[in-house]
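In case you want the letters, here they are:
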Amino acid sequence: MSGVLLERSIDRTKEFISFVVGNGESRHGFDLNLISSYDNWACNLSALDYDSTRAVAADRYIVTQLQDAGYTKDIITRGINSNLVGGKNNVRFFPDLPYKGDHKYDQPIHWGTGLYAALMSCQLDVKMVVLLGFDLYGNVDDPNKINN
């Protein structure tokens, strides 16, 4: 769904909606400032693009970039990045996965930022989780392009 269509169709009851914002091309044309008053999970550096509720970043390099940019809201990351806290009290850590399994995709190290952000958003008492900017398939100009 395009950002423009989403703007027209979302339920305006803020306490029932949570947004998970990725960095995909489908974000273009959607004014992220419209969701800043909703609960939202900004993945990686998308947290710097609008007034996000919190940032989620699996990669230690991204956590450092957010800190260097002066991001003061909660940054949620992997526990192995605990040395990046450095006296800052806004760094939190990913929850345990809600299940166990033997496959590669069942292991926490194979879960990235978007998956963790979606998991944490789903754990809230909301009726709708909107994923925005997670482009699994191509765009109108190049439908075969895999972007994410």
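Residues numbered from 1 in each chain as written. Predicted model: local features only at pLDDT ≥ 70, side-chain atom pairs only at ≥ 80, totals over all residues. Heavy atoms only, no water.

(A) Region of interest: the overall build of the chain. In terms of regular secondary structure, the chain is built from three helices and six strands. Taken across its 148 residues, the chain has 40% of its residues classed as buried. For the chain, restricting intrachain contacts to residue pairs at least 6 apart in sequence, the fraction spanning at least 24 positions comes to 37%. (Helix = DSSP H or I, 4+ residues; strand = E, 2+ residues; numbered from the N terminus. Buried < 20%, exposed > 50% of the residue type's maximum accessible area, 1.4 Å probe, protein only. Contact = heavy atoms within 4.5 Å.)

(B) Up close: the pattern of salt bridges. If you walk through the whole model with that rule in mind, you get four salt bridges. Residues Asp51 and Lys73 are paired through a salt bridge, measuring 2.5 Å at the closest nitrogen-oxygen approach. Of this pair, Asp51 sits in the loop between β2 (39-43) and β3 (54-56) while Lys73 sits in the loop between α2 (60-68) and β4 (75-77); the two residues are 22 residues apart in sequence, bridging distant segments of the chain. You can call Lys73 partly exposed: its relative accessible area is 30%. (Salt bridge = Lys/Arg side-chain N within 4 Å of Asp/Glu carboxyl O.)

(C) Geometry of the pairing of β2. Burial of β2 is extensive: five of the five residues sit out of reach of the surface. Side chains of β2 alternate between two faces, with Asp39, Trp41 and Cys43 and Asn40 and Ala42 buried alike. Pairing between strand β1 (residues 17-21) and β2: four bridges, direction parallel. Paired with Val20 across the bridge in β2 is Trp41. When β2 meets β3, the two strands line up parallel, connected through three bridges. Opposite Cys43, over in β3, you have Val56 as the bridge partner. (Pairing = 2+ DSSP bridges.)

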